[in-house]
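Working through the structure, step by step
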Amino acid sequence: MAILTLLQAVNEGLKTAMRDDSNVLVFGEDVGPKGGVFLATEGLTSEFGEERCFDTPLSEDGIVGAAIGMAMNGLRPVAEIQFQDFIFPAFDQIVSEAAKLRYRSGGQYTAPMVIRTPYGGGIRGGLYHSQSGEAYFCHTPGLKVVTPSTPHDAKGLLIAAIQDPDPVLFLEPKALYRSVKGEVPEGSYTVDLSTTRTVREGDAVTVFCYGAMVPVCEKAAEQAEESGISVEVIDLRTLYPLDEQGVLAAAKKTGRVVTVHEAPRFCGYAAEISAIIAERAIEYMEAPVTRVTGFDTPFPNTLEHHYLPDHRRVLDAIERVHAF
Amino acid sequence: MSDYELRTVLDSSGGAGDHDSGLSDAELMHCYRSMLMVRAFDDTAMKLQRSGRIGFSIPNRGIEATQVGAASALRTTDWIFPSYRDFGMALYHGVSATDMMHNMFGNALDASKGRQMPVHFSFEEPIHFVSISSPIGTHIPQGVGAAHAMKLRGEDSVALISFGDGGTSSLGFHSGLNFAGVWKSPAVFLCQNNGYAISMPTEKQTASDGFAVKGEAYGIPAILVDGNDLLAVRQATAEGVARARAGDGPTLIEAKTFRMGGHSTSDDPSKYVPKELLDEWEEKDPVPRFEAYLASKGLWVEGDRETLYSGCMAEVKEAADLAQATPLPSLETIFSDVYEEVPQHIRSQGEEAYDLLRRKGDAGGGGGEFPL
Ligand SMILES: Cc1ncc(C[n+]2csc(CCOP(=O)(O)OP(=O)(O)O)c2C)c(N)n1
C-alpha cells in the first residue's frame, strides 16, 4: 500500500472515480491546468482531458447550479469550491435546490453530486480562509455532509460520496492536507457514509471530534493516558446523516463526554451531539456533557492559535469531566 | 471587433500630444513617486514573505499606473471600495507605509487588530478605503449603496468600486451594476483587466469581447482604457467622476493591464502564464512610459528612478522593522468588536480563555484579567 498525504489521497480518489466511471467530471475555479490552489486536482486535466476536468468562471452559484443540472441529466459532477469560506454565493443552490430536488419532485429528479471544499483553520488564513461552516449545512435535510481525517478515509469516503445517489458536501480539513500521511489502498474502495471511526479505545472519557480536530484530540488523549485517564476518541466523519447509535453507544460506554470542533459554539455541531445524549442517554452520564469549540466570534488571523481548540484545551476538558 | 477603442494618452516615447492632465509638476511627481512606492512596498513584502517574516502578500507589479491613475482622479471626500490588489490607491492618498506594514504583520497597531490576512487593509483617513473582504464581488453592491447614500444625503462625493476581470463573474458585479444603472448612482466601476484570475485567462471568464461592453446591458456608459498609461486612466476616471458628481449616473471603466507577478505569494505563475506574454507586457511597463513623459517636461533625468526608489525602499524597510517590533494584538481582540457591546456568552468565553492561559501558560497574546 502506498503512503500518501490526505491531499494525495483526495487526488487519488478523484482519479480512481474518473477511471471507473466516464460520467464523473471535475470542475471549479483553477482546478484545470493549475490543478487547484492546493493541487488536489493536479494531473486530472492531463489524464482525462479538458472535457472532464475544467476551469469555470468565478461564480460559486454557477458552479453548483451547473453541477445540479449535470447531475439531473446523467453525469456525476464533482464541483470544487476553492475555500469553504467562498461557498455562500452557492448557498441557495445547495440548500434550496440540490438538497430539495428529490423531495420536491417526488423522486423524479435527483442530484447525485459532490461538492468538495477545503475548510477549517490552521493556515493563518484569517476571517475568510479558515471557517468551518458545517453547522449551516448539517441543518439541511437532503444533503449529506462528510469530512475525513485520514488519507484512507479521504479516498474511501470521497469515492463513496461520488457513487452516492444524493448530494454530498465533502469538507476537506485543509490543515491536514499535507500534515497527515497514511496507508491508502490502490484502486477503488469505499468507506461507508453511515459510520463513525474509533480512533482509539478507552473507558473513562469519550471524545467526539472530526476533521482537523482528530489529531488534536488524539494528542490530548495520549497526555490524559499518561496521567491515568483512559480516553476513547471517535471520529464522526459523516456528520449528516449521523450514526446516532454509534454515538450513543460510545457515550454510554464512559458516561463522560467531550465534543470538539473548530467552529463557533452557539448552534454548533457539538450542540446536536449534546442534545442527542441528553435526550437518549442522560441516565448514563456521570458528568456534564461538555464542548470544546472555537469562540463565538469571527475567525482571527494573528491569534488563530488561541481561537482554535488545541490539545491543552481538550485535555483541560477531559480532566474536568473526569474529575466531576 | 470591440466597439470600444482603447484610449491612450501617452505614446511609447512619452509623448502626450496636446493632452492637458490638469496636474501640476508637483502632482505629476507625486504620481510618479506613488508608483515607485507601490513597487517598493511590493518588493519588500515579497522579501518579507520569502524570509518568513510575514505570511502572505499580493504582487502589484505591472498595474501601478491603473491604481495611481484612478486614485489621482478622486478627492479625499470620495470613497474607495477596493479589491485586495489596490493598495497603490491608498499609498497615493497618503496612507503611510507604517500603517500598511502594521497590517502586513497583523500586530496590535493594525487597523483590523490582526484579524485579517495581510493586504486586507482598512483605512478611514485620509480617504475612505473600505475594509477589504476576501469573498470576490461582495463589495460591488455595497459601493453602490454607499453611492446611493451620497445622493440621498446630498453629498458631493462619488464611490470608486474596483475589482478584477474575474470579479465580473460574481453575483455582486451583476446586482451592483444593475442597481447603479437603475438608481443612476454616483459610482465609478473600475474593472482592472490584468489578464488573469489566479490561473485563468480572461477567455475562460467571459465570452464577451472584453469587459467594457458589459456596461451596456445595465445602461451604463463604458470606457476602455490602457491601464499602463497613467494619464489615460486618470482621464477616464475623471470623466466618470465628473459624470457621477453631475448627477448623470455611473460609468464602467475597463483598464487593460497585466499582472506581472503571481496571483499571490502562494502562486507559481510560470506554470500557466506564457513567457512571451510576460515579455510583451514587460515592454509596456507603466513606469518607464511615465518617465519618458516626465523627461519631456524636464521633470526627470536618467538616475532619478534609482534615487527615488531607494528612498521609498528605506521608508518601507523602516516601516517593516517598526511593525515587526510592535507587539502582537492582545487576547482580548478576539472577543471585541463582534458587537458594539460584548454579549454575555462571548464575555464568558473570553474569561475562560484568560483563565486557561493563566493556568496552562504558553504563547503570547495577553495574560492577566479579561479586560472587556
Ligand atoms: C467568492 C470567491 N470565490 C473565490 C475566491 C478565491 N479567489 C481569490 S482571488 C481569485 C481570482 C480573482 O481574480 P480577479 O477578479 O481577476 O482579480 P485579480 O486577482 O486578477 O486582481 C479567486 C478565484 C474568492 N476570494 N472569492
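Up top is the structure these notes are about.
The sections below set out a description of the structure shown in this document. (Residues numbered from 1 in each chain as written. Chains lettered and ligands numbered in written order. Predicted model: local features only at pLDDT ≥ 70, side-chain atom pairs only at ≥ 80, totals over all residues. Heavy atoms only, no water.)

1. Notes on the overall build of chain B
Per the secondary structure count, chain B includes 11 helices and eight strands. Along the first, second and third principal axes, the C-alpha atoms of chain B reach 70 × 50 × 40 Å. Buried residues in chain B amount to 56% of all 372 residues. In chain B, the proportion of contacts linking residues at least 24 apart, taken out of those at least 6 apart, comes to 75%. Between the averaged position of the 32 positive side-chain charges in chain B and that of its 51 negative side-chain charges there is a distance of 3 Å. (Helix = DSSP H or I, 4+ residues; strand = E, 2+ residues; numbered from the N terminus. Buried < 20%, exposed > 50% of the residue type's maximum accessible area, 1.4 Å probe, protein only. Contact = heavy atoms within 4.5 Å. Lys, Arg positive; Asp, Glu negative; His and termini not counted. Charge placed at Lys NZ, Arg CZ, Asp CG, Glu CD.)

2. Observations regarding the sheet that holds strand E1 (residues 79–81) of chain B
All names here are of chain B. Spatially, six strands are ordered E2-E1-E3-E4-E8-E7 in an open sheet, and the strand pairing comes out parallel. Two strands bound the open sheet, and with one partner strand each, they are strand E2 (128–129) and strand E7 (222–226). Pairing analysis gives two bridges linking E1 to E2, with the strands arranged parallel. Across the sheet, Trp 79 pairs through a bridge with His 128, a residue of E2. Contacts between helix H2 (residues 64–71) and the sheet are confined to strand E3 (159–164), strand E4 (187–193) and strand E8 (251–256), with E4 contributing the most and set at about 170° to the helix. (Pairing = 2+ DSSP bridges. Axes fitted to C-alpha atoms, helices over the stretch in contact; angles between N-to-C directions.)

3. Describing the pairing of strand E11 (residues 231–235) of chain A
All names here are of chain A. Most of E11 sits inside the fold, with five of its five residues counted as buried. Side chains of E11 alternate between two faces, with Val 231, Val 233 and Asp 235 and Glu 232 and Ile 234 buried alike. Of the pairings in the sheet, the one linking strand E9 (residues 197–200) to E11 comprises three bridges and is antiparallel in character. Note that in E11 the partner of Thr 198 across the bridge is Ile 234. With five bridges connecting them, strand E10 (residues 205–209) and E11 associate as parallel partners.

4. Quick notes on helix H6 (residues 171–183) of chain B
All names here are of chain B. The terminal C-alpha atoms of H6 lie 18 Å apart, and with 13 residues this matches the ideal 18 Å at 1.5 Å per residue to within 8%. Burial in H6 covers these residues: Gly 172, Phe 173, Gly 176, Leu 177 and Ala 180. One side of H6 holds all its buried residues, which, seen down the axis, span an arc of 120°. For H6, the elements touching its buried residues are helix H5 (139–152), E3, E4 and E8. Just downstream of H6 lies Lys 184, where phi reads positive at about 50°. (Expected span 1.5 Å × (residues − 1). Arc of directions from axis to C-beta.)

5. Digging into the site of the ligand
Taken together, the neighbourhood of the ligand is formed by 19 residues, with Glu 60 of chain A together with Tyr 84, Arg 85, Gly 166 and Tyr 196 of chain B sitting nearest. More than one chain reaches the ligand: its neighbouring residues belong to chains A and B. Between the ligand and Glu 60 of chain A there is a distance of 2.5 Å, counted from a nitrogen atom to a side-chain nitrogen or oxygen. Contacts to the ligand include Gly 167 of chain B, whose backbone N or O atom sits 2.9 Å from an oxygen atom. For the ligand, the protein covers 95% of the area, taking 580 Å² as the surface of the free molecule. Its residues assigned to classes, the shell around the ligand shows eight nonpolar, seven polar and four charged. (Near = heavy atom within 4 Å. Polar contact = N/O pair within 3.5 Å; in protein donor to acceptor, adjacent residues only side chain to side chain. Areas by Shrake-Rupley, 256 points an atom, 1.4 Å probe, with all protein chains shown as cover. Nonpolar A, V, L, I, M, F, W, Y, C, P; charged D, E, K, R; others polar.)

6. Description of the pattern of salt bridges
Within the structure shown, the criterion is met by 40 salt bridges over all chains. A salt bridge links Asp 153 of chain A to Arg 237 of chain A; the nearest nitrogen and oxygen atoms lie 2.9 Å apart. Placement of Asp 153 of chain A in helix H7 (residues 151–163) and of Arg 237 of chain A in the loop between E11 and strand E12 (238–240) is noted, with a sequence separation of 84 residues between them. Its salt-bridge partner being Asp 321 of chain B, residue Arg 53 of chain B comes within 3.1 Å of it at the nearest N-O pair. Of this pair, Arg 53 of chain B sits in the loop between helix H1 (25–50) and H2 while Asp 321 of chain B sits in helix H10 (residues 304–325), and the two are 268 residues apart along the sequence. Residue classification places Asp 321 of chain B among the partly exposed positions, given a relative accessible area of 34%. A network of salt bridges, in which partner residues are shared, links Asp 316 and Arg 320 of chain A together with Asp 355, Arg 358 and Arg 359 of chain B. (Salt bridge = Lys/Arg side-chain N within 4 Å of Asp/Glu carboxyl O.)

7. Concerning the interface of chain B and chain A
Taken together, the contact pairs 48 residues of chain B with 40 residues of chain A. Both faces considered, chain B and chain A share a buried interface measuring about 3400 Å² in area, 60% of it formed by carbon and sulfur atoms. Close ionic contact of Arg 265 of chain A with Glu 352 of chain B constitutes a salt bridge, the shortest N to O distance being 3.9 Å. The biggest single contributor to the side of chain B that touches chain A is helix H11 (residues 344–360) of chain B, with nine residues. Class assignment of the residues belonging to the side of chain B that touches chain A gives a composition of 21 nonpolar, 18 polar and nine charged. (Buried area = accessible area lost by both parts, 1.4 Å probe.)

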